[in-house]
Amino acid sequence: MDGIVYGLWGQDNNEDLVLCRLDHETVDIHCHGGMAAVERILKDLQTQGCDIQSWQDFARKIEPALEVELQETLTAATTFRAAEILLRQSQGLLRAAFTALMPDEKSDFDPEEFQTRIQELLRWEHLGLHLTTPWRVVLAGRPNVGKSSLINAILGYDRSIVFDEAGTTRDVLTATTAIEGWPFQFSDTAGIRGEAAPLEAAGIQRAEQVLNAADCCVILIDTSQPAQADDQRLLSQWSDSIVVAHKIDLPLRWDSPLPEQAIPVSSKTKTGLEILLNQLVQRLIPEIPDEQTAIPVTKRQSELLHQAEEALQRADRQTYSELIRQLLFQD
């Protein structure tokens, strides 16, 4: 059999497929119908004695482990911009940077030189990890400040329930989108207030946990209502948050000085929305690497680099060299 062949799989409930022979021992099977069709064909092959392996296990037999690790991160990219950066790393850029960290047995060991190189790599570690995991942005505020309306305006569709009743959102609702090509996950949390019924209080507790784990918090205040103690508590407790002065399309009734950096926003008219999103990007991605920048892209790589840096501080050449070998070969 040569070239590409169309056919059917099975005697009952046939699956349409295309076979493509790549070489004497390799045939690609392309089927239609989603994972159900794939799993059905794999099960049939396994019944006939075939050994089923993941693409990662198969790739490790013919490629270095680091390259497989980088290919795996590439498959997890959710935006073209993230995929572009990950592709450059997988095409030899990161391997070259890691190889340059290995001491030359014939040269003197200079910890400061290697420490400078590692620090340059670690400068980008947070960006690298977020190429496959979105930046987590959590919206918070007291009940009815418009968190659900704002997250819907950001996403461009109704993900969160909007209803004029305190406690409507009692769990953390999340949705992922892209801003300027970067992946972001927005979380709409329960309205936070001092007095709440048991079920609502559980939602508030969960909201506070998510806020503490967020990459960035956005605190909303409702300028169409007088300031309340819960507003001030939120602003004080999460003082490094981005502050949104919300509902500016309504008459101003806020009776306290607005936070200096508050961004005026209306989810209804979309006023201020672009400014808010630009500030989020500036806060979380203040610098963009050029095309020749090597970036660690997995937790394993970052942890090994930190450990290698600690070994350099002790001038422990043996431990340092072993850690760099692990970076390159995943022993």
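Structure report, in brief. Residue numbering note: each chain is counted from 1, following its sequence as written. Where local features are concerned, this predicted model is filtered to residues with pLDDT of at least 70; where side-chain atom pairs are given and counted, the filter is 80 or more; whole-chain, interface and lining totals use all residues. Only hydrogens and water are set aside; all other atoms, that is, all heavy atoms of the structure, feed into the side-chain values.

This part covers the sheet that holds strand β6 (residues 182-188). For two strands to be treated as a pair, DSSP must find at least two bridges joining them. Note on conventions: DSSP H or I runs of at least 4 residues are helices, E runs of at least 2 residues are strands, and numbering of each starts at the N terminus. Spatially, the six strands line up as an open sheet ordered β5-β6-β4-β7-β8-β9, and their pairing is mixed. Lying at the two open borders of the sheet, with one neighbouring strand each, are β5 (173-179) and β9 (263-265). Averaged over neighbouring strand pairs, the angle between their axes works out to 30° when direction is ignored. Pairing geometry for β5 and β6, over seven bridges, is antiparallel. As a rule, the C-alpha atoms of each element are fitted with a line to give its axis, helices using only the stretch in contact, and angles between N-to-C directions run from 0 to 180 degrees.

Next up on the list: helix α3 (residues 65-75). Residues of α3 that are buried include every one of L66, E67, V68, E69, L70 and T73, and no others. Tucked into the core, α3 has its buried residues touching α2 (55-60), α4 (80-99), α11 (299-313) and α12 (317-329). Burial status follows relative accessibility: with a 1.4 Å probe on protein chains alone, a residue under 20% of its type maximum counts as buried, one over 50% as exposed, and anything between as partly exposed. Only heavy atoms enter the contact rule, under which two residues are in contact if any of them lie within 4.5 Å.

Each Phe, Tyr or Trp ring (for Trp, its six-membered ring) is paired with any other whose centre lies within 6.5 Å, and the angle between the two planes then decides the class: stacked below 30 degrees, edge-to-face above 60, tilted in between. The final tally for this structure, using the stated rule, is six aromatic pairs. Ring geometry for F184 versus F186: centroids 6.2 Å apart, planes at 20°, classification stacked. Of the two residues, F184 and F186, neither departs from the other in class, the shared state being buried. An aromatic cluster is defined as three or more aromatic residues linked by ring pairs; in this entry it consists of W135, W182, F184 and F186.

Attention now moves to the side chain of T79. Mapped onto the elements of the fold, T79 is located in the loop between α3 and α4. You can call T79 buried: its relative accessible area is 13%. A distance of 3.1 Å separates the side chain of T79 from the backbone nitrogen of A82, its partner in a polar contact. In this structure the side chain of T79 is engaged in a polar contact, spanning 2.7 Å, whose partner is the backbone oxygen of G181. Aside from chain neighbours lying at most four places away, what touches T79 is A178, G181, W182 and P183. Nitrogen and oxygen atoms within 3.5 Å of one another constitute a polar contact, given that in protein one can donate a hydrogen and the other can accept it, and given that sequence-neighbouring residues count only through two side-chain atoms.

This part takes up the sheet that holds strand β1 (residues 4-9). Overall, antiparallel pairing links the three strands, which are arranged β1-β2-β3 in an open sheet. Strands with a single pairing partner mark the edges of an open sheet, and in this sheet they are β1 and β3 (26-31). The sheet shows a mean angle of 30° between the axes of neighbouring strands, taken without regard to direction. When strand β2 (residues 15-23) meets β3, the two strands line up antiparallel, connected through six bridges. Of the residues in β3, the one forming a bridge with D23 is T26.

A few words on helix α9 (residues 229-237). Those residues of α9 not exposed but buried are D230, D231, L234 and L235. Seen from one end, α9 has its buried residues packed into an arc of 135°, which puts them on one side. Opposite the packed face of α9, turned more than 90 degrees from it, sit the exposed residues A229 and S236. The secondary structure elements touched by the buried residues of α9 are β7 (216-222) and β8 (242-246). It is the directions from the helix axis to the C-beta atoms whose arc is reported.

Remark: a regular strand shows side chains that alternate across the two faces of the sheet. Across six bridges, β1 lies against β2 in antiparallel orientation. If you follow G7 over to β2, its bridge partner there is L17.

Our next topic: the nonpolar core. Counting residues in each nonpolar core, the largest one holds 58 residues, and the members touching the most others are F98, L101, V137, W182, F184, F186 and Y320. A per-element tally of this core places α4 first, with seven residues. Apart from residues lying up to four places away in sequence, F184 is in contact with P134, W135, V137, A175, T176, T177, I179, V281, L284 and I285. Residues V210, V243, A245 and W254 belong to the second largest nonpolar core, which totals 15 residues. Put simply, buried Ala, Val, Leu, Ile, Met, Phe, Trp, Tyr and Cys residues joined by side-chain atoms within 4.5 Å make one nonpolar core.

As a packed pair, α4 and α12 sit with axes 10 Å apart at the nearest point and diverge in direction by 165°. The angle between α4 and α12 falls in the class roughly antiparallel. Considering how the two elements wind past one another, α4 and α12 form a crossing that is left-handed. On α12, the residues touching R95, F98 and T99 of α4 are I324, L327, L328 and F329. Orientation is classified from the angle alone, with under 35 degrees giving roughly parallel, over 145 giving roughly antiparallel, 65 to 115 giving roughly perpendicular, and any other angle giving oblique. Helix crossings fall into two classes, left-handed where the near helix is turned counterclockwise from the far one by less than a right angle and right-handed where it is turned clockwise.

Just to be clear on terms, a salt bridge is a Lys or Arg side-chain nitrogen sitting within 4 Å of an Asp or Glu carboxyl oxygen. All told, the structure shown has 15 salt bridges when counted by the stated rule. Taking the shortest distance from any N to any O, the salt bridge between R117 and E113 comes out at 2.6 Å. Taken together, the positions of R117 and E113, both in helix α5 (residues 111-122) and four residues apart, correspond to about one turn of that helix. Residue class for E113 comes out partly exposed when judged on its relative accessible area of 34%.

A few words on the side chain of S241. Examined against the element boundaries, S241 turns out to sit in the loop between α9 and β8. Overall, S241 belongs to the buried group, its relative accessible area being 9%.

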